[in-house]
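A closer look at the structure
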Amino acid sequence: MIDTHAHLDGVEFNDDREAVMQRAREAGITKILVPAIDLTTSRQILTLCRQHQGFLYPMVGLHPEEVHNNWEEQLEAIKQLLPQVPLPSAGTSPSAGDDCPSSASPQQPAIIAIGEVGLDYYWSREFEREQLMAFEEQVKWSVESRLPLMIHCRKAQNEMVSLLKHYKDELPGGVFHCFTGNEHEAEELLQFPQFVLGIGGVLTFKKSHLPEVLPQVVPLDRIVLETDAPYMAPVPMRGKRNESAYVRHVLQRLAEAYGVSEDHLEQVTDQNVRRIFKI
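A quick note: this is a predicted structure, and the numbers were derived from the prediction, not measured.

**Things to note about the pairing of strand β3 (residues 56–60)**
Of all five residues in β3, five are buried, a share of seventy percent or more. Residues of β3 alternate between two faces, with L56, P58 and V60 on one and Y57 and M59 on the opposite face, all of them buried. Regarding the hand of the β-α-β motif, the stretch spanning strand β2 (residues 31–34), helix α2 (residues 39–51) and β3 is right-handed. Looking at chain direction, β3 and strand β4 (residues 113–120) are connected through two bridges and run parallel. Bridge pairing in β4 links M59 to A113.

**Quick word on helix α7 (residues 210–217)**
Among the residues of α7, those classed as buried are L210, P211, V213, L214 and V217. Taken end-on, α7 shows its buried residues confined to a sector of 165 degrees, consistent with a single buried face. Where α7 is buried, its residues touch α6 (183–190), β7 (195–199) and α8 (247–258).

**As for the side chain of E243**
Its location among the elements puts E243 in the loop between β8 (223–225) and α8. A residue is classified by how much of its surface remains accessible, and E243, at 4% relative accessible area, is buried. Side-chain polar atoms of E243 contact the side chain of R241, separated by 3.2 Å.

Rules used throughout
Residues numbered from 1 in each chain as written. Predicted model: local features only at pLDDT ≥ 70, side-chain atom pairs only at ≥ 80, totals over all residues. Heavy atoms only, no water. Buried < 20%, exposed > 50% of the residue type's maximum accessible area, 1.4 Å probe, protein only. Helix = DSSP H or I, 4+ residues; strand = E, 2+ residues; numbered from the N terminus. Right-handed = clockwise from strand over helix to strand, strands pointing away. Pairing = 2+ DSSP bridges. Arc of directions from axis to C-beta. Contact = heavy atoms within 4.5 Å. Polar contact = N/O pair within 3.5 Å; in protein donor to acceptor, adjacent residues only side chain to side chain.

What follows is the structure, given as C-alpha cells:
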C-alpha cells in the first residue's frame, strides 16, 4: 500500500517518528508521500525525505490557510526549491504526456509534487483573493514543471473547478485530497482526466456516505489511498493520532464498498500512484 498524504514532519511525531515509520512498514506500507504547508515545512520535508529516500517522498507548496503570512515571499522561496524547467516556447504548451521529474541527489531527494495547495473557505473568506492568487501561481508551476498537484479544497469547489478549467488541457494531473463529496461533486472533479480522488479515514465513519457514492460514479483507477496523518484517524482508531499504518483500515472498507478483494484494490491504487507521481 501507498499512503499518498501524511504530515510526518509534524510535531505530533517528534517523539516517535521512526517507530511510526516502522509500524507503517510492518502494516504493508511501501511508500509515504509527505506534503508541505509553507516554506518552513517544505525545507523540513526535504531534509526528512533525504534521510529516508525510497520510502518517504516530498512535496513542496503553500497551503491556502497559510497565505496570511508573507505569502508572496514564501512562494518565491518555495519556487526556488523546484527543478528548473525551461518555459514552453511561445505558442506552445507542455504535453500532458511529457514528464520532467526533478532529479534526486544525495543533497536533495526528487520532489514528486506541488502541494499541499488549493482553496479553503471553511472558516472565513477574509483571504479569498490571496488564496486564489497563490493557488493559481502554483497551478502554473505544475504546468511548467510537469509536477502533479496535491490539492486541498474545503467549501470552495466551485471556485477551484473554475480556476482549473483555464489550465485543463495543460495540467499534468494530481490528487484531489480528502474527497468527502457527493456524486455530482465527484463527477465534476473527474472531468480532469489526469486527476484522482484521495480517499482517507472519513470513508470509515459511521455517517459517511462515501461507501455508497464512490462505487456509483468513481472507477477504481481514479482513486488513491491516504491518511492525512496525524489527522482524521479511521475507525476503529478514530479519536487517536492518525498514522500511515492505519491506511489498512481505509483499504479494507473501500474493498468492501466496491466488492473487490483487498489485494486487487491494493494493486490498483498502487498503480494509480505510480501513474500520477512517476514513482
